[in-house]
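# An overview of the molecular structure
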Amino acid sequence: MKNFEYAAPANVESATALLEKYGDAAKILAGGTDIIVQLREGLRAADVVIDIKNIPEIVDYQYSADVGLQLGAATPCYRIYGDEELAKAYPAVLDSTRIIGGWQIQSRASVGGNLCNASPAADSIPSLIAHQATCHIAGPHGRRSVAAQDFCTGPGRNTLEQGEMLVALTLPPSKPNSGSAYLRFIPRNEMDIAVVGAASWVQLDDSGESIQSGRIALAAVAPVPLYAEEASSWLSGQPATAATFVEAGELAKNIVSPISDMRGTAEYRQHLVGVLVKRTLKIAVERARTNQ
Amino acid sequence: MSKKIHVTTTINGEPIEFLCEARHSLLEVLRDSLGLTGSKEGCNNGNCGACTVMLNGVPVDSCLVLGVEVEGATIETVEGIAQNGELHPIQQCFLEGAALQCGICTPGFLVAAKALLEKNPHPSEEEIRFNLAGNLCRCTGYDKIVRSVQAAASQLQETTS
Ligand SMILES: Cc1cc2nc3c(=O)[nH]c(=O)nc-3n(C[C@H](O)[C@H](O)[C@H](O)COP(=O)(O)OP(=O)(O)OC[C@H]3O[C@@H](n4cnc5c(N)ncnc54)[C@H](O)[C@@H]3O)c2cc1C
Ligand code: FES
Ligand code: FES
């Protein structure tokens, strides 16, 4: 690997100043599980690597039932997936953090890194979209925020401009009678890249029999993770039954544009969208009924 | 000459200082600078777990950590598992259970398995397989590894109860 300078700034302002100064020659290091591999394999190059893990707000999270979750961008997966309150409030996000790599990867890999790396198959992004996460960005000209579904702009590309970094993700407070789930299809049991990933979130009415609102998001079926808008809005008012889950899966298939590669053909991926939407909705509804 | 950075850390209970370039992985530092060759390089990209070490109490792939990142950190490697010349029960059980053939994967399995038993002294077979999914073995077929971890779990239970 080509050598580089190493900087470990103690606050966001110093980090963005370095990013602005070095532009594309600077690369942020969070857990390093993508970027170290990419630098070593020559897929990306850096003159300066900026380790953001010395910035306290970036490696921690705060949760309260009233305000919701503020998740520092570089908080490693293992820090959150054992938290029972989070497991109840954002089950799909925790499903995702439990399957990103194996234990050694989860000790380092962050949700923010997963998002910034902008892989079409990233396991946390559908769950962030389903839970209406907001991405908080800092740059040389101040702060801004974008919805998780608008963050990725292409494979390996995101909305961040020169000098900008992701500081945190916020997720709104959990709604009553709500539940969510993330599933991916992989040929192995663990440690593989999603052929297709799907996250579903639902809120049921007080009877628990019908869906008040829902959100469905997909990975590995387009150049960026997708919010399935039509399928999601169709869910409002539908009975929480198997037929509804199947129909939502059919609607979600309409928006995908998968590729064929060694992991599966486009046709197979399209089929999997239907299967995974159906299954995640079923789990999300079960969780919505039992959680509260 | 590339610029070297001075790093102070604790490895297997001992304060250690080393110099490394920013691009050097913790695995390279351990093996090439510090002579701790127990941690192995299998893939050098995070897939095989042969380079597993404990970093501030959690298992990581040392090939995906930069040496410069461990300033002030506490590291435990496979070399620190045996105490006073005595094998740890998990090492003894791997030997007796024939949980290794070529042995390249073994240091990583030992570090990860020890961490698992410290977190969860009574893991089910499924929990063992799930938590060790980041460690690959091309020789044993895993069954003997899983059984050796189970054997170590019962031994450790006996010695603590
Ligand atoms: C063996 C292995 C298995 C894996 N399995 C999975 C898997 O199952 N599912 C999956 O989705 N991924 C997987 N990955 C990929 C990777 O682990 C994840 O994408 C992880 O979440 C990345 O997080 P990180 O903190 O390590 O990011 P880093 O590698 O530190 O960063 C990732 C990218 O984002 C940029 N970046 C990081 N943080 C910020 C920030 N705050 N602001 C701006 N830019 C930033 C970095 O510069 C880099 O380009 C795997 C990787 C390995 C090596
Ligand atoms: S050498 Fe580090 S995971 Fe394989
Ligand atoms: S014993 Fe050879 S790889 Fe495991």
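This text gives an overview of the structure that appears in the document. Residue positions are given per chain, counted from 1 along the sequence in the order it is written. Lettering for chains starts from A, numbering for ligands starts from 1, and both go in the order in which the items are written. The predicted origin of the model limits local features to residues at a pLDDT of at least 70 and limits the giving and counting of side-chain atom pairs to 80 or more, whereas totals for whole chains, interfaces and linings rest on all residues. Working from all heavy atoms in the structure, the side-chain values ignore hydrogens and water.

Take the overall build of chain B next. Of the regular secondary structure elements, chain B holds five helices and five strands. Secondary structure elements in chain B, listed N-terminal to C-terminal, are β-β-α-β-β-β-α-α-α-α. To get the radius of gyration, use the C-alpha atoms; to get the globule rule, take the number of residues to the power 0.38 and multiply by 2.2 Å. The globule rule puts the C-alpha radius of gyration for 161 residues at 15 Å, and the 16 Å found for chain B is close to it. When its C-alpha atoms are laid out on the principal axes, chain B stretches across 50 × 35 × 25 Å. Relative to its 161 residues, chain B shows a buried fraction of 49%. Strands here mean DSSP runs of E at least two residues long; helices mean DSSP runs of H or I at least four residues long; both are numbered from the N terminus. Per-residue accessibility, obtained with a 1.4 Å probe over protein chains only, is compared with the maximum for each type, and a residue is labelled buried under 20%, exposed over 50%, and partly exposed between these values.

What follows deals with the interface of chain A and chain B. We call two residues contacting when some pair of their heavy atoms lies within 4.5 Å. Facing 26 residues of chain A, the contacting portion of chain B comprises 34 residues. Put simply, buried area is the surface a 1.4 Å probe can reach on two separate parts but cannot reach once they are joined, added for both. When the area that chain A buries against chain B is broken down by residue, the three leading residues are Arg40, Trp103 and Gln104 of chain A, summing to 32%. Any Lys or Arg side-chain nitrogen found within 4 Å of a carboxyl oxygen on Asp or Glu counts as a salt bridge. Linking chain A with chain B are three salt bridges, by the criterion used here. Of the charged contacts in the structure, one is a salt bridge between glutamate 69 of chain B and lysine 53 of chain A, with a shortest N-O distance of 2.6 Å. Under the rule applied, a polar contact is a pair of N or O atoms within 3.5 Å (in protein, one hydrogen donor and one hydrogen acceptor; residues adjacent in sequence only if both atoms are side-chain atoms). For the pair chain A and chain B, the interface holds eleven residue pairs in polar contact (both at pLDDT 80 or more). For the side of chain A that touches chain B, the elements supplying multiple residues, two or more each, are strand S1 (5–7), helix H2 (35–40) and helix H6 (103–106) of chain A.

Residues and elements named next belong to chain A. In this scheme, strands are said to pair when DSSP sees at least two bridges between them. Taken in spatial order, the five strands make up an open sheet running S4-S5-S10-S6-S7, and their pairing is antiparallel. At either end of the open sheet lies a strand with only one pairing partner, and these are strand S4 (61–64) and strand S7 (142–147). Along the sheet, successive strands turn relative to each other by an average axial angle of 20°, direction set aside. Examined bridge by bridge, S4 and strand S5 (residues 68–72) share four bridges and lie antiparallel to one another. Bridged to tyrosine 61 within S5 is leucine 71. Axes here mean lines fitted to C-alpha atoms, for a helix over just the part in contact, with angles spanning 0 to 180 degrees between N-to-C directions. The strands touched by helix H1 (residues 12–22) within the sheet are strand S6 (134–139), S7 and strand S10 (165–171), with S10 carrying the most contacts at an inclination of about 135°.

If you check the shell around ligand 1, you find 32 residues, and the closest are Ile28, Thr33, Asp34, Ser110 and Asp123 of chain A. Only a single heavy atom is needed: when it lies within 4 Å of a molecule or strand, its residue is near that molecule or strand. Those chains with residues close to ligand 1 are chains A and B. Here an oxygen atom of ligand 1 sits 2.6 Å away from a polar atom, N or O, in the side chain of aspartate 34 of chain A. At 2.8 Å, a backbone N or O of leucine 166 of chain A approaches a nitrogen atom of ligand 1.

This part covers the pattern of salt bridges. Following the criterion strictly, the structure yields 20 salt bridges over all chains and no others. In this structure, aspartate 261 of chain A engages arginine 269 of chain A in a salt bridge whose closest nitrogen and oxygen atoms are separated by 3.2 Å. Taking the relative accessible area as the measure of exposure, aspartate 261 of chain A reaches 33% and is therefore partly exposed. Connected through shared salt-bridge partners, Asp51, Lys53 and Arg108 of chain A together with Glu69 of chain B make up one network.

Residue and element names in this part refer to chain B. Those residues of helix H1 (residues 26–33) not exposed but buried are Leu26, Leu27, Val29 and Leu30. Down the axis of H1, the buried side of the element spans an arc of 170°, and every buried residue falls inside it. Tucked inside the fold, the buried residues of H1 contact strand S1 (5–11), strand S2 (14–20), strand S3 (52–55) and strand S5 (74–76). Phi turns positive one or two residues past the end of H1, at glycine 35, with a value near 70°. The directions considered for the arc run from the helix axis to the C-beta atoms.

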